[in-house]
Structures are given as C-alpha cells and as structure tokens.
Amino acid sequence: MIKLTYKIHLLIFMLLGIFLYSQEKKQFPNISLILSKINPDTKIDSWILIHKSYGKDNILKQSGTKTDYESQSSGFNIGIAEEDEFYYIVDFSSGKPEYITDLNTLRKFVGKIDNIQDAAVFAATEGYIIDEEFRDLAGNYYEDKANYYLDLGKLTSTECPYQKKHFTLTIRKSTETISNAKDNGAYIELYNKKCTNNPRLLKIEKKEEPKDEPKKSRKPSRRR
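Note that the coordinates shown come from a computational prediction; the quantities given were computed from them, not determined experimentally.

1. Quick look at the pattern of salt bridges
Oppositely charged side chains may form a pair once their charged atoms are brought near each other. Under the counting rule described, the total for this entry stands at seven salt bridges. Note that Lys-112 and Asp-114 form a salt bridge whose closest N and O atoms lie 3.7 Å from each other. Its relative accessible area of 47% is what places Lys-112 among the partly exposed residues. Here Lys-173 makes a salt bridge to Glu-143, at a shortest N to O gap of 2.8 Å. In this pair, Lys-173 sits in the loop between strand 9 (162–172) and strand 10 (177–190) while Glu-143 sits in strand 7 (residues 139–143), placing the two residues 30 residues apart along the sequence. We classify Glu-143 as partly exposed; its relative accessible area is 31%.

2. A look at the pairing of strand 3 (residues 56–63)
Sheet faces and side chains relate simply in a regular strand, where the side chains alternate between the two faces. In this sheet, strand 3 lies alongside strand 2 (residues 47–53) in antiparallel orientation, the contact comprising seven bridges. Across the sheet, His-51 pairs through a bridge with Asn-58, a residue of strand 3. Counting the residues in the hairpin turn of strand 2 and strand 3 gives two residues, including Tyr-54, whose phi is positive at 50°.

3. Observations concerning the sheet that holds strand 2
Strand order in the open sheet made by the four strands is 3-2-4-5, with antiparallel pairing throughout. Strands with a single pairing partner mark the edges of an open sheet, and in this sheet they are strand 3 and strand 5 (98–100). Between one strand axis and the next, the sheet turns by 25° as a mean value, whatever way the strands run. In terms of strand pairing, strand 2 meets strand 4 (residues 85–91) through seven bridges, oriented antiparallel. Counterpart to Ile-48 in the pairing with strand 4 is Val-90.

4. Some words on the nonpolar core
Core analysis: the largest hydrophobic core is formed by 33 residues, its most contacted members being Phe-28, Leu-35, Ile-89, Leu-106 and Leu-150. For this core, the elements supplying multiple residues, two or more each, are helix 2 (31–36), strand 2, strand 4, helix 3 (103–110), helix 4 (116–125), strand 8 (147–157) and strand 9. Those residues in contact with Leu-35 that sit more than four places away from it in its chain are Leu-49, Phe-76, Ile-78, Tyr-87, Leu-106 and Val-121. Judged by nonpolar contacts, the second largest core, of six residues, contains Ile-48, Phe-86, Tyr-88 and Val-90.

5. Some remarks on the packing of aromatic side chains
Summed over all chains, the structure comprises six aromatic pairs. Judged by centre distance (4.6 Å) and plane angle (40°), the ring pair of Phe-28 and Tyr-141 falls under tilted. One end of the pair, Phe-28, is in the loop between strand 1 (26–27) and helix 2; the other, Tyr-141, is in strand 7, and 113 residues separate them in sequence. There is no split in this pair, since Phe-28 and Tyr-141 are both buried. If you follow Lys-154 out to its NZ or CZ, it ends over the ring of Tyr-128, 4.5 Å from the centre. The ring of Tyr-148 carries the charged tip of Lys-173 above its face, separated from the ring centre by 4.8 Å.

The rules behind these values
Position numbers for residues count from 1 along each chain, tracking the sequence in the order it is written. The model is predicted, so local features are restricted to residues of pLDDT at least 70 and side-chain atom pairs to those at 80 or more, both for listing and for counting; the totals for chains, interfaces and linings are taken over all residues. The side-chain values count all of the structure's non-hydrogen atoms but skip hydrogen atoms and water molecules. Only one rule defines a salt bridge in this text: a Lys or Arg side-chain nitrogen within 4 Å of an Asp or Glu carboxyl oxygen. Here's how the labels work: a residue is buried when its accessible area is under 20% of the maximum for its type, exposed when over 50%, partly exposed in between, all with a 1.4 Å probe on protein chains only. Going along the chain from the N terminus, every DSSP run of H or I of four or more residues is numbered as a helix, and every run of E of two or more is numbered as a strand. For two strands to pair, DSSP has to find at least two bridges joining them. Structural elements are reduced to axes, namely lines fitted to C-alpha atoms, with helices fitted over the stretch in contact, and the angle between N-to-C directions of any two is expressed from 0 to 180 degrees. Among buried residues, those of type Ala, Val, Leu, Ile, Met, Phe, Trp, Tyr and Cys that are joined through side-chain atoms within 4.5 Å constitute a nonpolar core. Two residues qualify as a contact provided that any one of their heavy atoms is within 4.5 Å of a heavy atom in the partner residue. Here a Phe, Tyr or Trp ring, Trp counted by its six-membered ring, pairs with any other such ring whose centre lies within 6.5 Å, and the pair is stacked when the planes are under 30 degrees apart, edge-to-face when over 60, and tilted otherwise. Any Lys NZ or Arg CZ found within 6 Å of a ring centre and within 35 degrees of that ring's normal is scored as a charge over the ring.

If you want it as structure tokens, here you go:
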C-alpha cells in the first residue's frame, strides 16, 4: 500500500513538472534560425532562404534542388533590421523562381501555422517584432494545446519620442488568429535634439532663459 501511494505521488509530481515545463517561457533564437525553421505548405518542396547583408548573399536553408536565381535588392525582416540587411526566399515550386521579399507574401508562403516560428511570421505581418536585444521583454514564447503565447515588441511611434512597446500575444491554434494582445507598456523611449517635447532639452532651455536686466537709472542733467 505504501509503495502504491509513493508511485501515485511520484506520478503526480512528474505530471506537474511536465505541465510547468510546458508553461516555461523560452527565448527566441536569432532571426536566421527562426526563419530557417518555418514550415511552408507541403506542396512547396523546392525553395531557398537567403540572408543578404551588405550586398552579399548567404544561403541559410535549401530545400530541394538549387537552381539559378537573381539576387534581390530588397527583402523582409521579422526583427530589428540593421542597415543593408534583409532576408528573401526564392520559391521554385512553379518551375521558375518566384521571389518572396515582403511579409505579406511570406505569410502566404508559410500557409498554415504549424509551429512557433510560423506564429512569429504571422505576428510580424501584424506589425510585431522580435527584439533580440531585449529578449526578456520582446523575444520569448511558450505554448499549450490551444494557443501560442508570444512576448514581442512593436514600434508605436516614429515621432518624438521614438517609442517601442512590448505585448503578449495569444494566437489560437484552431483559428490562427490573435485572440488577445496585452499591452505591457513602453520599454524604449528615445528623444533627440530636434524633439520639442524632449524633457532634458526643456530643462536646459528653462535654465538658460535670460533674466530681465534691471533698468539703469538716469541721472538728472544739470542746467547751466
């Protein structure tokens, strides 16, 4: 009887551990690895993923037989893009190269959301980004049987101040839609010298504001 009770308790602890582990947040790897693990429609069996940086093409993934293609001058990104850096896909499923250089076309290429990487691509089409510099806030995820949960960033202002917020997205696996987007607040607010609402600049201007000089008294002139 004692052994049976021990086994039952052990089983409960194991199931509880599995459940808690499944809820544990995991950080997204770099953008190249995420895009390398997207799962496009099964009919697409010949394609290559290319990362272009400073004019140089780097093939990250090749599925099927490689054929000739033309290097592209623009592409997409699901993270914070550096200058002269982007990704594009060449799809050979129709017999000739078709180029995927924007997020909407990438979403169609991915098709059904089969994994967390596909979910990240879907979120990117809605304006969300994986911020590799702030993964704790805007670059992690977990999932359960019903949903994907993604903590992602979003550029919410390009005016003064430049601002990014982080959100927790709930993407339903059954409907492939965002059922909830929880706003967790801003994690970056940057002002520049041209920002008229820059609080530091306002303090400096207030400090340097010239004071009114006292009027000099005029001595009465003497009459001769």
